[in-house]
Amino acid sequence: MTYNIVCDSSCDLKSTELQPGYLHLEVVPMQITVGDREYLDNESLNVPLLLEDMATEKSSAGTACPSPAAFARAFEKADCSVCFTISSNLSGTYNAAVLARDMVLEEHPEKKICVIDSRSTAGAMVLLTRKAQSLLEVEDPDFDKVCEELRMYQASLRTVFTLECFDNLIKNGRMRPLVGNLLHTLGIHVIADATPQGTIHVSGKARGEAKTYQAIVDLMRQSKDCDGAEVVLSHCENLPGALKLKELILRELPVKDVTLVSCRGLTTFYAMEKGLIVGF
C-alpha cells in the first residue's frame, strides 16, 4: 500500500520536508493575485518580493483556492490519501478537496481518501501533517482508525496569531483606513485566535512587542492545557520576533517543544510582514 498526505499551501511546509519512502507529502498550491500580477504559492515563490508587491500595490489583492482537478491529481498518486485544508470558513479549498475525493472514488472505488477540515491554517496544519506521518509510518496501519485519530487531534488544536501590518485588511475593505493607520502609528498589535468552528476571533490589542508576546502566551494558556503540547510558530519575515516569542513560550508554558517555520505565500498574504501565527 502507498500513502499520500495532501495539504493546501496554507500549511507552512514544503513537499521536500516529508519524504520517508512509501509515505509522500504533496502540497497543492493556492494562487495569490496582487493587482494584475498572479503568484502560484509553490516552492519557488519569492516571499519578500510578494510582500514588496503587496506593499506598493494600491488596489486590493486576493487569493484563489486550488481546483478540484489539482487535488484529484494528488489523490490518484497513492492507494490511501489523507488531506488537510485551510478552514472551510476562510476558503473554498475544503469543498474543492471533497469534490476531488468524490471524483477520484467514482473512477477508483478501491482507493481510500480522507479529507479533514483543519478549521485553522499554518502551524495547526503542520502539526496535523506530522501526526498523520507518525500514524501512517507504523506497519500495516488501519487507515480508518488513523482518520478517526486525526479528527480527534484536529479538534484539540488551537491557533493564536498577531498582526502588525493592516494593509491587506484596509485594501480589502475589512478595516477602515483611519483605524488601521492609527493602530500602526501607535505600535498596536491585534491579537486573535481561531474558534473551534474555524472563524477568526479578535481577542484583544497590545501596544509594543513585549506586551504583545505576553498577551499571546496568556491566550495560549487560557485556550487549552498546554502540558506536553507541540507548538509550531510561523513567522512572516520576522525571525527575531519569533525567537523572542519562542523563548517566552518555553519559559512560561509546559510545552514539549516549539518549532519555527517561515510563512509560505498564503499565510504571508494574511499575516503580512512581521506577523506571527502559533499552532499548538
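Shown above is the structure to which this text applies.
Residues numbered from 1 in each chain as written. Predicted model: local features only at pLDDT ≥ 70, side-chain atom pairs only at ≥ 80, totals over all residues. Heavy atoms only, no water.

Engineer: Teacher, can you tell me more about the sheet that holds strand β2 (residues 23-28) here?
Structural biologist: Note: strands within a sheet are paired through backbone hydrogen bonds, in either parallel or antiparallel orientation. The strand order across the open sheet built from four strands is β2-β1-β6-β7, with neighbouring strands paired in parallel fashion. The open sheet has two edge strands, β2 and β7 (112-117), and neither has a second partner. When strand polarity is set aside, the average angle formed by the axes of neighbouring strands in this sheet is 15 degrees. The strands touched by helix α4 (residues 123-136) within the sheet are β1 (3-8), β2 and β6 (80-85), with β1 carrying the most contacts at an inclination of about 175 degrees. Across the sheet, helix α5 (residues 143-156) touches β1, β6 and β7, and the angle it forms with β7 is around 5 degrees. (Pairing = 2+ DSSP bridges. Helix = DSSP H or I, 4+ residues; strand = E, 2+ residues; numbered from the N terminus. Axes fitted to C-alpha atoms, helices over the stretch in contact; angles between N-to-C directions. Contact = heavy atoms within 4.5 Å.)

Engineer: Got a minute to help me understand the layout of surface pockets in this structure?
Structural biologist: In this approach a probe as big as a water molecule rolls over the atoms, and the regions it shows empty are the leftover space. What the second largest pocket holds in volume is close to 200 Å³. Contributing to the lining of the second largest pocket are 15 residues, with K14, V47, S262, C263 and R264 lying nearest its centre. For the lining of the second largest pocket, the class distribution of residues is five nonpolar, three polar and seven charged. (1 Å grid on protein atoms, 1.4 Å probe; cavity = no way out; pocket = protein on both sides within 12 Å on 5 of 7 lines; lining within 4 Å. Points joined across faces, edges and corners; volume = space filled by probe spheres on them. Nonpolar A, V, L, I, M, F, W, Y, C, P; charged D, E, K, R; others polar.)

Engineer: Quick question: what am I supposed to make of the nonpolar core here?
Structural biologist: Side chains of nonpolar character tend, in soluble globular proteins, to be buried together. I5, C7, V82, F84, L136, F143 and L150 are the most contacted members of the largest nonpolar core, which has 29 residues in total. For this core, the secondary-structure elements that each account for two or more residues are β1, β2, β6, β7, α4 and α5. Looking at this core, the element that brings in the most residues is α4, giving eight residues. Setting aside its immediate chain neighbours within four residues, C7 contacts L25, E26, V27, V28, F84, M125 and T129. Membership of the second largest hydrophobic core comes to 22 residues, among which are V160, M220, I249 and F280. (Core = buried A, V, L, I, M, F, W, Y, C linked by side-chain atoms within 4.5 Å. Buried < 20%, exposed > 50% of the residue type's maximum accessible area, 1.4 Å probe, protein only.)

Engineer: What am I meant to see in helix α8 (residues 209-223) here?
Structural biologist: Helical geometry note: an α-helix holds 3.6 residues per turn, so side chains three or four residues apart project in the same direction. If you check α8, its first and last C-alpha atoms are 21 Å apart, about what 15 residues at 1.5 Å a residue would give, namely 21 Å. Among the residues of α8, those classed as buried are T212, Y213, I216, V217, L219 and M220. Here the buried residues of α8 occupy an arc of 160 degrees about the axis, which is enough to place them on one side. Exposed and facing more than 90 degrees away from the buried side of α8 are A210, K211 and Q222. (Expected span 1.5 Å × (residues − 1). Arc of directions from axis to C-beta.)

Engineer: Sorry if this is basic, but what is going on with a negative patch on the surface here?
Structural biologist: Negative charge collects at one region of the surface, where E139, D140, D142, D144 and E148 lie side by side. The residue D142 is located in the loop between α4 and α5 in this model. Taking the relative accessible area as the measure of exposure, D142 reaches 47% and is therefore partly exposed. (Patch = residues over 30% accessible without salt bridge, like charges linked within 9 Å, V, L, I, M, F, W, Y side chains within 5 Å. Areas by Shrake-Rupley, 256 points an atom, 1.4 Å probe, with all protein chains shown as cover. Salt bridge = Lys/Arg side-chain N within 4 Å of Asp/Glu carboxyl O. Lys, Arg positive; Asp, Glu negative; His and termini not counted. Charge placed at Lys NZ, Arg CZ, Asp CG, Glu CD.)

Engineer: Help me understand the pairing of strand β3 (residues 31-34) in this model?
Structural biologist: The two faces of a sheet get side chains in turn, since along a regular strand they alternate between them. Burial along β3 is one-sided: I32 and V34 are buried, while Q31 and T33, pointing the other way, are not. In this structure, β3 lies alongside strand β4 (residues 37-40), joined through four bridges in antiparallel fashion. Bridge assignment links I32 to a residue of β4, and that residue is Y39. Taken together, β3 and the strand that follows it, β4, pair antiparallel across an intervening segment of two residues, in which G35 is found at a positive phi of about 60 degrees. Pairing analysis gives four bridges linking β3 to strand β5 (residues 61-64), with the strands arranged antiparallel.

Engineer: Would you explain the sheet that holds β3 in this entry?
Structural biologist: What the three strands build is an open sheet, ordered β4-β3-β5; its pairing is antiparallel. Each having just a single partner strand, β4 and β5 make up the two edges of the open sheet. Taken over all neighbouring pairs, the strand axes of this sheet differ in orientation by 20 degrees on average, direction set aside. The strands touched by helix α1 (residues 47-56) are β3 and β4; relative to β3, the strand with the most contacts, the crossing angle is about 40 degrees.

Engineer: Got a minute to help me understand the packing of helix α2 (residues 68-75) against helix α3 (residues 93-107) in this structure?
Structural biologist: Think of two packed helices as two axes; the pair is described by the angle between the axes and how far apart they sit. For the pair α2 and α3, the least separation of the axes is 8 Å and the interaxial angle reads 50 degrees. Between α2 and α3, the interaxial angle falls into the category oblique. Considering how the two elements wind past one another, α2 and α3 form a crossing that is right-handed. The residues of α3 that touch α2, namely those facing P68, F71, A72 and F75, are T93, A96, A97, L99, A100, R101, M103 and V104. A breakdown of the residues in the contact of α2 with α3 according to their chemical character gives 10 nonpolar, one polar and one charged. (Parallel < 35°, antiparallel > 145°, perpendicular 65-115°, else oblique. Left-handed = near helix turned anticlockwise from the far one by under 90°.)

Engineer: Could you clarify how one ought to interpret unusual backbone geometry in this entry?
Structural biologist: Despite not being glycine, E237 has its phi angle at roughly 50 degrees, a positive value. In this fold, E237 is placed in the loop between β11 (230-235) and α9 (239-252). Residue E237 is classed as partly exposed on the basis of its relative accessible area, which comes to 41%. The backbone of K274 shows a phi angle near 75 degrees, a positive value even though the residue is not glycine. You can see K274 is positioned in the loop between α10 (265-271) and β13 (276-279).

Engineer: In this structure, what is going on with the side chain of S9? I would like to understand it.
Structural biologist: Looking at where S9 falls in the secondary structure, it is placed in the loop between β1 and β2. From its side chain, S9 meets the backbone nitrogen of M30 in a polar contact 3.0 Å long. (Polar contact = N/O pair within 3.5 Å; in protein donor to acceptor, adjacent residues only side chain to side chain.)

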